[in-house]
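Coordinate inspection notes
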Amino acid sequence: MSQDVFFPRVETERLILKPLLPSDAPGLLAIFSDAEVMRYWNTAPWADVQEAIAFIEKSNESMRGQQSLVLGIWLRSTDELAGKCMLFSYDKASRRAEIGFGLARSCWGRGYISEAGEALIQYGFDSLGLRRIEAEIDPANQASAKALGKLGFSHEGLLRQRWEVNGVVSDSAIYGRLLSDHPARHG
Ligand SMILES: CC(C)(COP(=O)(O)OP(=O)(O)OC[C@H]1O[C@@H](n2cnc3c(N)ncnc32)[C@H](O)[C@@H]1OP(=O)(O)O)[C@@H](O)C(=O)NCCC(=O)NCCS
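Calculation notes
Residues numbered from 1 in each chain as written. Predicted model: local features only at pLDDT ≥ 70, side-chain atom pairs only at ≥ 80, totals over all residues. Heavy atoms only, no water. Near = heavy atom within 4 Å. Polar contact = N/O pair within 3.5 Å; in protein donor to acceptor, adjacent residues only side chain to side chain. Areas by Shrake-Rupley, 256 points an atom, 1.4 Å probe, with all protein chains shown as cover. Helix = DSSP H or I, 4+ residues; strand = E, 2+ residues; numbered from the N terminus. Nonpolar A, V, L, I, M, F, W, Y, C, P; charged D, E, K, R; others polar.

1. Quick notes on the site of the ligand
Within the structure, the ligand sits among 19 residues, and Phe101, Leu103, Gly109, Gly111 and Lys150 are positioned closest to it. Asn141 places a polar side-chain atom, nitrogen or oxygen, 2.9 Å from an oxygen atom of the ligand. Measuring from an oxygen atom of the ligand, one finds a side-chain N or O atom of Lys150 at 2.7 Å. Coverage of the ligand by the protein chains reaches 74% of its 930 Å² of free accessible surface. If you list the elements that add at least two residues to the shell around the ligand, you get β5 (96-103), α3 (112-127) and α4 (142-150). If you tally residues by element for the shell around the ligand, the top one is α4, at 5 residues. Of the residues contributing to the shell around the ligand, the split by class is 9 nonpolar, 7 polar and 3 charged.

Nothing here speaks to function; it is all geometry.
So, in structure tokens, the structure goes:
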């Protein structure tokens, strides 16, 4: 597969999705140092810009290795970095990947993930040849569960006591969307 497939620029009505550059680190840190944004993550909020730089470097390395797709989300109207979305745990043979997303708190509730997520999903089906996209979330993360529902994912099950972070044990809710699930949405 061409390397370019893992470094796309995807445009939607209100958003631009494209790979992150080291110069985006301060903007990314501002979003992911927010404890509310990181509430359901399995890592602590980022504490300094080095973590953002390391994330961007690691993302670009895994994209060069054709293992994942990590894209920043920008608002077209203001050029503001709103968050990131990704397809990771890419399994080429089984044509599956996992989806993840996070937005700055100021950008919640405006349907941006419906828009960015659908564009990323279509890109995954069309350009990576995916057949299945899955998501794993904390069952308490209602915003995420609702966003996945709006994106056409089915709730497939619960993995009990899957995580233990700082002594807190939590379950994982598993969601999936297949290429064959919503033919009308696809192309
Ligand atoms: C999850 C997240 C990406 C959703 O993005 P979003 O752009 O706000 O999603 P939408 O605007 O499409 O909203 C989705 C739905 O969730 C609802 N919602 C938003 N915040 C909510 C909350 N705290 N509790 C319950 N529902 C909530 C919205 O009202 C909307 O429902 P509606 O269409 O019926 O009004 C965003 O909340 C976020 O970045 N959260 C922090 C990071 C995170 O938890 N990521 C997921 C980890 S896998």
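Picking up after the structure, the text goes on.
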